[in-house]
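This is what each chain is made of:
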Amino acid sequence: MKLNLHDSYNIRARLCPSIILLSPIPLTLFFCFKDIYNLVTSSILICVLMALTNYIPILQRYLCEGKISTINYAAQYLEPNDQTFDSTTKKRYYNKLAECNPCFSQLFHPNSNEELMNYCKSAVSYIRNRTRDNHLVLEENINHGFCKNMILNRPIGIILCIMLSLFSAPYCFLLAYFKKTIPLGAYVSIGSNILFLLFWIFGIKNEMLEQSAKKYAQTLIEAIDTL
């Protein structure tokens, strides 16, 4: 298996949420301590933050394991009683799966509901493995992965923004007390942290994850015709 750490999924679905999560840190430090910022300190800070992006997915799993339910919508869409696809289309999908792999002919006559669900889940895994190069499936998979990681980052992002705001406010107070003036950067720092906090609270919703999961599942099932 060829592993590409710089493919579109890793960059857009894993790296980008980590960058969004950590971006308030360099912004706060830059606006509050602009005088000590130079090429060397900026490079060191960026390297440290980029290294932390590798740790964030591990922290996500540790803190949020089991807190996000993952429903296999694609398997549900393949069930005969599901109304997402009409019966004619679903029969065509069943025939295509049976043509690709004879064991999926059992989808027509399962012995029990449990066996049907097992065959549907197996079919979804088969489709996923066979459509890794499908552009539409990849795009929806990236969108779903991005939403999932943003939901996992949400509690950490809220805590981080609150901590940085609590740091910036006393800093402004000390400047006002000792220097009798508050630099514009200090106001920008507080404002940016408030905006990020509002983004995490109101801009990231669980509904986004569910919608992206359903869209990915639908696109995955529709890709059966391309097998």
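Residues numbered from 1 in each chain as written. Predicted model: local features only at pLDDT ≥ 70, side-chain atom pairs only at ≥ 80, totals over all residues. Heavy atoms only, no water.

Asker: How would you sum up the pattern of salt bridges? Please name residues and give values.
Answerer: In total, this model carries 3 salt bridges according to the counting rule given. For Glu139, the salt bridge identified is with Arg12, shortest N-O distance 2.9 Å. Taken together, the residues span a long stretch of sequence, with Glu139 in helix α7 (residues 135-178) and Arg12 in helix α1 (residues 8-22) at a distance of 127 residues. On the basis of relative accessible area, Glu139 is assigned to the partly exposed category, the value being 25%. (Salt bridge = Lys/Arg side-chain N within 4 Å of Asp/Glu carboxyl O. Helix = DSSP H or I, 4+ residues; strand = E, 2+ residues; numbered from the N terminus. Buried < 20%, exposed > 50% of the residue type's maximum accessible area, 1.4 Å probe, protein only.)

Asker: With reference to specific residues and values, describe the environment of Lys214.
Answerer: The residue Lys214 is located in helix α9 (residues 206-222) in this model. The class for Lys214 is partly exposed, based on a relative accessible area of 32%. Taking the C-alpha atoms as reference points, Lys214 and Gly203, separated by 11 residues in sequence, lie 20 Å from one another. If we ignore the near neighbours within four places in the chain, the residues touching Lys214 are Tyr73 and Tyr77. (Contact = heavy atoms within 4.5 Å.)

Asker: Would you mind going over the packing of aromatic side chains in detail, with residue names and values included?
Answerer: Evaluated as defined, the whole model comprises 6 aromatic pairs. Ring geometry for Phe30 against Phe31: centres 5.3 Å apart, planes inclined by 70°, an arrangement best described as edge-to-face. Judged by relative accessible area, which is 32%, Phe30 ranks as partly exposed. A relative accessible area of 22% places Phe31 in the partly exposed class. Geometrically, the ring pair formed by Phe199 and Trp200 is edge-to-face, given 5.3 Å between the ring centres and 65° between the ring planes. The class for Phe199 is partly exposed, based on a relative accessible area of 30%. Every member of this aromatic cluster is reached through a ring pair, and the members are Tyr73, Tyr77, Phe85 and Tyr93. (Phe/Tyr/Trp six-rings, centres within 6.5 Å; stacked < 30°, edge-to-face > 60°.)

Asker: Tell me what's going on with the nonpolar core, and back it up with residues and numbers.
Answerer: By size, the foremost hydrophobic cluster in this structure holds 26 residues, and its most contacted members are Leu78, Leu97, Leu107, Ile127, Leu220, Ile221 and Ile224. Elements with a contribution of two residues or more to this core: α4 (73-78), α5 (87-100), α6 (113-130) and α9. A total of 6 residues in this core trace back to one element, the largest contributor, which is α6. Contacts of Leu220, omitting those with residues within four sequence positions, involve Ala74, Val124, Ile127, Arg128, Thr131 and Val137. Core analysis: the next-biggest nonpolar cluster, separate from the first, contains 15 residues, Leu45, Cys161, Phe196 and Trp200 among them. (Core = buried A, V, L, I, M, F, W, Y, C linked by side-chain atoms within 4.5 Å.)

Asker: Please provide a residue-by-residue account of the side chain of Asn10, values included.
Answerer: Residue placement: Asn10 occurs in helix α1. Looking at Asn10, the relative accessible area reads 15%, which means it is buried. A distance of 2.8 Å separates a polar atom in the side chain of Asn10 from a polar atom in the side chain of Arg14. (Polar contact = N/O pair within 3.5 Å; in protein donor to acceptor, adjacent residues only side chain to side chain.)

Asker: An account of the packing of helix α2 (residues 24-32) against helix α8 (residues 184-203) is needed here, citing residue identities and associated values.
Answerer: Two numbers describe how α2 lies on α8: the axes approach to 7 Å, and their chain directions differ by 165°. As the angle between them shows, α2 and α8 are arranged roughly antiparallel. Viewed along their axes, α2 and α8 form a crossing whose handedness is left-handed. Residues Pro24, Leu27, Thr28, Phe31 and Cys32 of α2 pack against Gly185, Ala186, Val188, Ser189, Asn193 and Phe196 of α8. For the contact of α2 with α8, the class distribution of residues is 7 nonpolar, 4 polar and no charged. (Axes fitted to C-alpha atoms, helices over the stretch in contact; angles between N-to-C directions. Parallel < 35°, antiparallel > 145°, perpendicular 65-115°, else oblique. Left-handed = near helix turned anticlockwise from the far one by under 90°. Nonpolar A, V, L, I, M, F, W, Y, C, P; charged D, E, K, R; others polar.)

Asker: Outline α7, listing residues and values.
Answerer: If you look at α7, its biggest bend is around 45°, right at Arg154, and the proline Pro155 turns up within four residues after that. Two or three places before Leu136, at the opening of α7, Asn134 has a side-chain oxygen 3.0 Å from that residue's backbone nitrogen. Just downstream of α7 lies Lys180, where phi reads positive at about 60°. (Bend = angle between axes of the 7 residues up to and from the residue.)

It is worth stressing that arrangement in space is one thing and function is another; only the former is reported here.
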